[in-house]
Amino acid sequence: MSKYSIFSLIRNAGSYHENWQRAWRSPDPQPEYEVVIIGGGGHGLATAYYLAKECGIRRVAVIEKGWLGGGNTGRNTTIVRSNYLLDESAGIYEHSVKLWEGLSQELNFNVMFSQRGLLHLAHNVHDMQEIGRRGNAIWLNGIDSEFLTPEQVKEMVPLMNINGRYPVLGALLQRRGGTARHDAVAWGYARAADALGVDIIQNCEVTGFDIKNGVVQGVRTTRGDIKAKRVGVVTAGHSTVMADMAGFRMPLESLPLQAMVSEPIKPCIDTVIMSNAVHVYVSQSDKGELVVGAGTDAYISYAQRGGFDMMEHIMGPLVELFPFTSRLRMLRQWGGIVDVTVDRSPILSKTPVEGLYFNCGWGTGGFKCTPGSGHVFAHSIANGEMHPIAAPFSIDRFNTGALIDEAAAAAVAH
Amino acid sequence: MAQKNRLPDGGRIDRTKPVRFQFNGKRYDGFSGDTLAAALLANGVSLVGRSFKYHRPRGIMTAGSEEPNALVQLGTGARTEPNIRATQAELFDGLSADSQNCWPSVGFDIGAINSVMSKYLPAGFYYKTFMWPASLWMTYEHVIRNAAGLGKGPTESDPDRYAQHHTACDVLIVGGGPSGLAAALAAGRSGARTILVDEQSEFGGWLLTDDTEIDGMAPTDWVANTVKELAGLDNVTLLPRTTVSAYFDHNFLTAAQRVTDHLGPQENTKTPRQRFWKIRAKQVVLAQGSLERPIVFADNDRPGVMLAGALRTYINRYGVLPGREIVVFTNNDSAYRTAIDAKNAGAVVHLVDLRPDPDNPVVHQARQAGIQIHEGSAVVGIKGAKSIHGVEIAPLSEDGKSLAGPTFVVSASLVAMSSGWNPSVHLFSQSRGKLRFDDALTTFVPDHTPQKTRSAGACNGTFTLAGCLAEGMEAGAAAAKDAGFDSAIAGPSHVVKEDAPGSMRQVWTVPTVHPLGKGTRKHFLDHQNDVTAADVHLAAREGYLSVEHLKRYTTTGMGTDQGKTSNVNALAIMSEIRSASIPEVGTTTFRPPYTPTTYGAMAGQGVQELFEQYRGTAMHDWHVNNGAVFEDVGDWKRARYYPKPGEDMDEAVRRECKQARETVGIMDASTLGKIDIQGPDAAKLLNMVYTNAWSALKPGRARYGLMLNEHGMVFDDGVTTCIGENHYHMTTTTGGAARVLNWLEEWLQTEWPDMEVYCTSVTEEWAVATLSGPKAREVMEAVAPKMALDPQTFPFMAMQEGEVAGLPARVFRISFTGDLSYEINVPARYGMALWEALMEAGRPHGIVPYGTETMHVLRAEKGFIIVGQDSDGTVTPYDLDMDWIVSKKKDDFLGKRSLTRTDTARPGRKQLVGLLTEDPNFVLPEGAHLVKEVKPKPPMDTIGHVTSSYFSPNAGRSIALALVKDGLNLKGSSFQVPLMSGHVETVTITDTIFFDKEGERARG
Ligand SMILES: Cc1cc2nc3c(=O)[nH]c(=O)nc-3n(C[C@H](O)[C@H](O)[C@H](O)COP(=O)(O)OP(=O)(O)OC[C@H]3O[C@@H](n4cnc5c(N)ncnc54)[C@H](O)[C@@H]3O)c2cc1C
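What counts, and at which threshold
- Residues numbered from 1 in each chain as written.
- Chains lettered and ligands numbered in written order.
- Predicted model: local features only at pLDDT ≥ 70, side-chain atom pairs only at ≥ 80, totals over all residues.
- Heavy atoms only, no water.
- UniProt positions renumbered as here; feature names shortened; annotations may be inferred.
- Axes fitted to C-alpha atoms, helices over the stretch in contact; angles between N-to-C directions.
- Helix = DSSP H or I, 4+ residues; strand = E, 2+ residues; numbered from the N terminus.
- Parallel < 35°, antiparallel > 145°, perpendicular 65-115°, else oblique.
- Left-handed = near helix turned anticlockwise from the far one by under 90°.
- Contact = heavy atoms within 4.5 Å.
- Core = buried A, V, L, I, M, F, W, Y, C linked by side-chain atoms within 4.5 Å.
- Buried < 20%, exposed > 50% of the residue type's maximum accessible area, 1.4 Å probe, protein only.
- Pairing = 2+ DSSP bridges.
- Buried area = accessible area lost by both parts, 1.4 Å probe.
- Salt bridge = Lys/Arg side-chain N within 4 Å of Asp/Glu carboxyl O.
- Polar contact = N/O pair within 3.5 Å; in protein donor to acceptor, adjacent residues only side chain to side chain.
- Phe/Tyr/Trp six-rings, centres within 6.5 Å; stacked < 30°, edge-to-face > 60°.
- Lys NZ or Arg CZ within 6 Å of the ring centre and 35° of its normal.
- Near = heavy atom within 4 Å.
- Areas by Shrake-Rupley, 256 points an atom, 1.4 Å probe, with all protein chains shown as cover.
- Nonpolar A, V, L, I, M, F, W, Y, C, P; charged D, E, K, R; others polar.
- Domains from an automatic or database assignment.
- pLDDT = per-residue confidence, 0-100.

Per an unreviewed UniProt entry, chain B is named Sarcosine oxidase subunit alpha family protein, and its organism is Hwanghaeella grinnelliae. Here is the UniProt Sequence similarities (unreviewed entry) comment for chain B, exactly as written: "Belongs to the GcvT family."

In the nomenclature of an unreviewed UniProt entry, chain A corresponds to Sarcosine oxidase subunit beta from the organism Hwanghaeella grinnelliae. Quoted verbatim from the Sequence similarities (unreviewed entry) field of the UniProt record, the comment on chain A reads "Belongs to the SoxB family." The record in UniProt for chain A states the following under Subcellular location (unreviewed entry): "Cytoplasm".

Caption draft 1: Spotlight on the packing of helix H7 (residues 182–195) of chain A against helix H13 (residues 547–554) of chain B. Contact geometry of H7 of chain A with H13 of chain B gives a least axis separation of 11 Å together with a crossing angle of 115°. The angle between H7 of chain A and H13 of chain B places the two elements in the roughly perpendicular class. Crossing angle aside, the handedness with which H7 of chain A passes H13 of chain B is left-handed. Each of His182, Asp183 and Trp187 of chain A in H7 of chain A lies in contact with H13 of chain B, whose residues at this interface are His549, Arg552 and Tyr553 of chain B.

Caption draft 2: Molecular detail of the nonpolar core. Grouped together as the largest cluster of nonpolar side chains are 92 residues, with contacts concentrated most on Leu51, Trp100, Tyr189 and Leu348 of chain A. The element contributing the most residues to this core is H7 of chain A, with eight residues. Ignoring sequence-local partners within four residues, the contact set of Tyr189 of chain A consists of Leu45, Ala46, Tyr49, Tyr50, Leu103, Leu107, Thr370 and Pro371 of chain A. Within the second largest apolar cluster, 78 residues are counted, among which are Val45, Ala310, Ala335 and Ala366 of chain B.

Caption draft 3: Examining the UniProt feature "domain: Rhodanese" (unreviewed entry) in chain A more closely. UniProt's feature table lists "domain: Rhodanese" (unreviewed entry) at residues 34–79 of chain A, given in the numbering used throughout. Structurally, residues 34–79 of chain A is divided into 28% helix and 20% strand, and its ends, taken at the C-alpha atoms, are 34 Å apart.

Caption draft 4: Looking closely at the sheet that holds strand S9 (residues 206–212) of chain A. Residue and element names in this part refer to chain A. Strand order in the open sheet made by the three strands is S9-S10-S11, with antiparallel pairing throughout. Of all strands in the sheet, those with a lone pairing partner are S9 and strand S11 (224–227), marking the two edges. The mean inter-strand angle of the sheet, taken between neighbouring strand axes irrespective of direction, is 25°. Bridge count between S9 and strand S10 (residues 215–221): six bridges; the pairing is antiparallel. The residue bridging Val206 from the neighbouring strand is Thr221, located in S10.

Caption draft 5: Inspection of the interface of chain B and chain A at higher detail. On the side of chain A, 111 residues touch chain B, which itself brings 128 residues to the contact. Summing both partners gives a buried area of about 10,000 Å² for chain B against chain A, and 57% of it is carried by carbon and sulfur. Among the residues of chain B in contact with chain A, Arg145, Tyr599 and Met980 of chain B are the three that bury the most area, contributing 10% of the side total. For the pair chain B and chain A, the number of links is 12 salt bridges. Between Arg327 of chain A and Asp158 of chain B there is a salt bridge, with the nearest N and O atoms lying 2.7 Å from each other. Counting across the chain B and chain A interface gives 58 residue pairs in polar contact (both at pLDDT 80 or more). The greatest single-element share of the side of chain B that touches chain A, amounting to seven residues, is contributed by helix H4 (residues 137–147) of chain B. Across two bridges, the pairing between strand S17 (residues 329–340) of chain A and strand S29 (residues 597–598) of chain B is antiparallel. Note on S29 of chain B: the bridge partner recorded for Met330 of chain A is Thr597 of chain B.

Caption draft 6: Highlighting the packing of aromatic side chains. If you walk through the whole model with that rule in mind, you get 42 aromatic pairs over all chains. For the ring pair Tyr49 of chain A and Tyr50 of chain A, a centre distance of 5.0 Å and an interplane angle of 75° mean the geometry is edge-to-face. Overall, Tyr49 of chain A belongs to the buried group, its relative accessible area being 3%. Plain terms: the ring middles of Tyr166 of chain A and Phe611 of chain B are 6.5 Å apart, the flat faces sit at 80° to each other, and that makes the pair edge-to-face. In this pair, Tyr166 of chain A sits in the loop between helix H6 (150–156) and strand S6 (170–174) while Phe611 of chain B sits in the loop between helix H16 (599–603) and helix H17 (620–625), so the two residues belong to two different chains. Judged by relative accessible area, which is 3%, Phe611 of chain B ranks as buried. When the ring centre of Tyr4 of chain A is taken as origin, the NZ or CZ atom of Lys128 of chain B, which lies over that ring, is 5.4 Å away. For the cation-ring pair, Lys522 of chain B lies above Tyr54 of chain B, with the distance from its terminal atom to the ring centre recorded as 5.4 Å.

Caption draft 7: Broad picture of the site of the ligand. All names here are of chain A. In the vicinity of the ligand, 37 residues are found, and the nearest of them are Glu64, Asn72, Thr73, Thr77 and Lys368. Between the ligand and Gly42 there is a distance of 3.2 Å, counted from an oxygen atom to a backbone nitrogen or oxygen. Compared with its free state, where it exposes 1,000 Å², the ligand has 97% of that area covered by protein. For the shell around the ligand, the secondary structure elements donating two or more residues are helix H2 (42–54), strand S13 (253–262) and S17. In terms of residue class, the shell around the ligand is made up of 14 nonpolar, 18 polar and five charged. Shared between two domains, the shell around the ligand takes at least three residues from each, and those domains are domain 1 (29–78 + 182–252 + 343–410) and domain 2 (116–178 + 253–341).

Caption draft 8: Structural view of the UniProt feature "domain: Aminomethyltransferase C-terminal" (unreviewed entry) in chain B. Under the UniProt annotation, "domain: Aminomethyltransferase C-terminal" (unreviewed entry) lies at residues 910–996 of chain B. Within residues 910–996 of chain B, the helical portion is 0% and the strand portion 49%, while the C-alpha atoms at the span's ends are 26 Å from each other.

Caption draft 9: A look at the pairing of strand S8 (residues 162–174) of chain B. Residue and element names in this part refer to chain B. The pairing of S8 with strand S13 (residues 274–286) spans 12 bridges and is classified as parallel. Opposite Thr167, over in S13, you have Ile279 as the bridge partner. Pairing analysis gives four bridges linking S8 to strand S9 (residues 194–197), with the strands arranged parallel. Bridge assignment links Val171 to a residue of S9, and that residue is Thr194.

Caption draft 10: Looking closely at the confidence of the model for chain B. Across chain B, the average pLDDT comes to 96, with 100% of residues at 70 or higher. For this predicted complex, the interface confidence score (ipTM) comes to 0.97, while the overall pTM stands at 0.96.

Caption draft 11: Focus on the domain arrangement of chain A. All names here are of chain A. Domain annotation for chain A reports domain 1 (29–78 + 182–252 + 343–410) and domain 2 (116–178 + 253–341). Here the C-alpha centroids of domain 1 and domain 2 sit 29 Å apart. Across the contact, 26 residues belong to domain 1 and 22 residues belong to domain 2. Both faces combined, the contact of domain 1 with domain 2 buries some 1,800 Å², and carbon together with sulfur accounts for 52% of it. When the buried area of domain 1 at its contact with domain 2 is split by residue, Arg75, Thr77 and Leu252 rank highest and sum to 34% of it. Taken together, the links from domain 1 to domain 2 amount to zero salt bridges. Elements supplying a minimum of two residues to the side of domain 1 that touches domain 2: helix H8 (239–246), helix H11 (397–400) and helix H12 (406–410). No other element matches H8, which puts three residues into the side of domain 1 that touches domain 2. Grouping the amino acids of the side of domain 1 that touches domain 2 by side-chain chemistry returns 10 nonpolar, 12 polar and four charged.

Okay, here's the thing in structure tokens:
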């Protein structure tokens, strides 16, 4: 892998940029690998990278039915944070944020991880109780966490209307939170994994598994059968389909989640802002677009698009919280299919089939965990035992009731 | 010189109405009917803005909504708008616009240093650098952010109003050119409710530019006649200045209508600035025409390079000839008409045709008109940066990959280019339509779609006028027929004399004197985002081969124009590099909206005071008049406390708490959710949704219940009362009202459709005043003389109907304070009368109105939970120490099975307990955590958290409730609570009741 740097840019400018190498090869699938990862999203690519980098397993293939990062990795609003309430969640998301903090250098690819702070707004007494509890829990987990007064919020985000229909009563700030460039994460992991010998195979769909006596032997794909004793499925919204192919059920619902960007404008919002009561979240990309999102559509679907009502329901809150946006314009709107569990926490787990591992259920919030999830999943596959940080996220929890219910803590009655 | 490029006559502008405007602080004149772009061109202004990345000088490239270059900051102050396309902004008196993305001025822009550095800034350069040292990224980013962005957003609230409008129709026709107008005629004449939408200020589309006669009439006359006929039909709605922005499932389309934008800022903001239409159409006819393709040649971004069709529009529609010496560069016949019209308008014109032997009637016409045609040749460079001084032309080799002869320069100030036309398939694609590549047209055309939609005319790849008219008629008639108007017919066909379009020669990248990417000349693809042909080669070289990777890596098609002029060129160049066909490379997904859509318009009326309008109870005004401080609970405004002059919240709440326990308090409880449940299976339903047993509940008796979700976790609570046979009145938490009703309905509709039971929300039907305290009965006696109030006839947990203060009422003897309480329900319209009567009757007894804060303290004194505060969706009834409420006898209820799951039934879960602080005056912050051991700094292992915490005036100290691991077994133990402030408080675990432990008061 030839190194990227300001010097390589200058050098290559001298040769009209004609000598840049391919970021990753485009190999034909080999008949057998040690590990096959299904799904070339961020999580799948990160898993492959850490398998090769840290676990000494280099005969790895990542099999992607379309183009790398074409799933939710390339569709999300790129919020990264680790200010989760529950210890298990804090464990995995903070593990991830720590990896983010050196990721551009680790991959030698600028993923533009920008820790410009993330605010959760509180608009009523119940919100204040919620951030009070979560803020303390985060702090006691050794993660950065600050409470802000409305005045401090206003100072950070002068264009916010803090005296609207639901006035801002306070906020929880994680300064280490922020955003990253989603495509760069997929490409950076792909390039670095490829350099370590991982085969990245695009335009190849997995259509079935070869399972004998409850042990996985390989996968069937549109480009032929591939043998592997260990298979990691990292297919987000399509995980139920994959589980079906393997003969069991995955407790997930697939729902459209929409997002939109405005036309680019000069910097006006430097922080990531999330509000549950006004129900919208906003950040401004480096390009200048306001990136806006909210909740999932109400219906289960595999179509990567959503309905208008959700967009409309984002507009009122957006204009309420940021009145200046009324005259801005929506440039682009899109949807992705998110894989949602009942407790809104992911699944990193062994399955009833030996050698077959699943990593899914990240729902509306898995981008931030791309490095962390890939890292612990790689170690789990390599060791045949779930990594301690991943262990609580087993599918067994839906039988035992040991749910990791992040959603429950916030979305409850008064 | 005033309007030096304005032709002496012609055009559709109103020369009797001059309009004054400002651009970059300078004053200019134009005419009513101009766009800003037309007026700028008329005044000889060709440098309009700077590009996104390299800050290259840019001019006006198009005459429509596909414009990538000419973006301006329109207006100032609260009404300023960034990124407005000058080609769409209609001129009004006093309009003021400025160039954007340049400093200090558009002529001299410091940011243009990027252009000098451009060889170090190829596509995706930022992924390869700014990584060292890691700590500096935020600084680099700060600089990048400030350099990026285009215009500036406003910083104030929008003074204008917007509206949303819902409508349905039989036939929606998108686009009012010849095809759309013909479709509207056919559909309109059939009687079908027809809506015709066009994004421009007037109907006609290409007919406003072209001069081909229809039925012997000038095209604009035909348009005028047609619009007149349509306007006379009651069933037809004409919407000019309206852009259909998105096409959703089930023929649901949205459109943004610019109502007053063309008039400028309005004094009277009653009229909405824009109206957002939501249209459900039985049938849709798409007739949005086509967009011309630019040619990818060296220096093709210079101000003064525009599309050939656009030039023709400026000449014919606006009476503007933006240059006296013009080079028309084309690969097809259509641009010849531009050349001829320019020549007739007085310009010296050179035609540069990529085709070696163009041979069509229009070619001969051009020659006859005295236009010099350079066949088999190409424009290979341009002299001049901020404007054009000359154009370099050279003959091309047979394969189009190199120059076949020496370059020569012709004097020119304007280049008009055409590489053919792309049907506007955006909406078709949004409708989930599949596209097909047409090799003859070298572009994508509609193939099939699952929705009830037809494409007609140029957007369907039909490029003759006769064809457009005929296809439009047929589509309009067929759509009307399918919408149920059997008589619909395609009217008589129109007589049009025109030549068949000739062949084309595609040269996707026009060579220049040096190899691609190796000189100073750039071949631009995406003008707004500064993506060049060399960038596509770089992307391919680095493996970003799929369309989406290409787009994302180079940012082509990601600008505010969404690649309307660049997408097909980018695909074509990639296909050449990969030696694949264009469809093999793929198409991109066209995402809504078609053009950027104003957020305010989408929000419509639902802003400011109409953004989630608050709900107030029937007694709301009383609370306001009596100085209540409110809190938001869901969308309700609830009175939180009633401060006396000089009191803060603490003081007011202490007073209310004490007085309510000593005399009598009154609270507005109207917001509690109320559901009326009736039907033979009502009790069966209650048995399923609550954990306890309901079959034995007699009319007039009430019972408290807990609802669990599927996981066995508490999700709502409330008292349900038997009103009569098969008739119950359920109450829920205020915030849970809608959720509980949905929950009941979901089970009834999906799992228990056999149950005969009906649930109706009656939250808003009843106003509820709660009397609570030792003197409550005396107040009741005063207002309800006819009711039996003695504890034997009207005991705790009973209900009776009767008259209170002369009003029909249901009175419930239930209590959330632990004191003797009456919850008096009257029809909502009597709420205020009831409240005032109770206040009056209570005065001799020292009645005190109290708000939600006091309610919270009083209930906490008694250890009563608030679901959602003391429980959080991970808490079972056992965790709440409420084993008594879980029936052991019932076969089933929701959540029952889950309660036996290993983790749910495990000992040592987090359980609800009371806490007492060491310092009785210290009130713990809610959300604070108990730890096993305090360490100098986190992390520390936590064992629980404080859910409710207050100063209790009646207990004379602070009290708290908490969820603590194994808490029920830890009563009496002490733990520590570290706070972020550094303070550490010691607490002792107790039971949850802090006042009247025997519970005698409520029964009294
Ligand atoms: C609109 C939106 C906004 C979001 N915002 C955020 C946010 O702000 N912060 C955050 O942290 N998260 C966010 N998320 C969630 C986040 O995007 C996802 O959780 C995360 O990207 C999932 O990554 P992944 O690699 O698991 O899945 P994906 O990126 O979806 O990758 C799965 C891959 O599997 C492939 N695949 C599927 N089936 C097969 C098959 N049979 N054979 C081969 N390949 C197959 C797919 O093509 C796909 O490329 C958002 C999601 C959406 C949709």
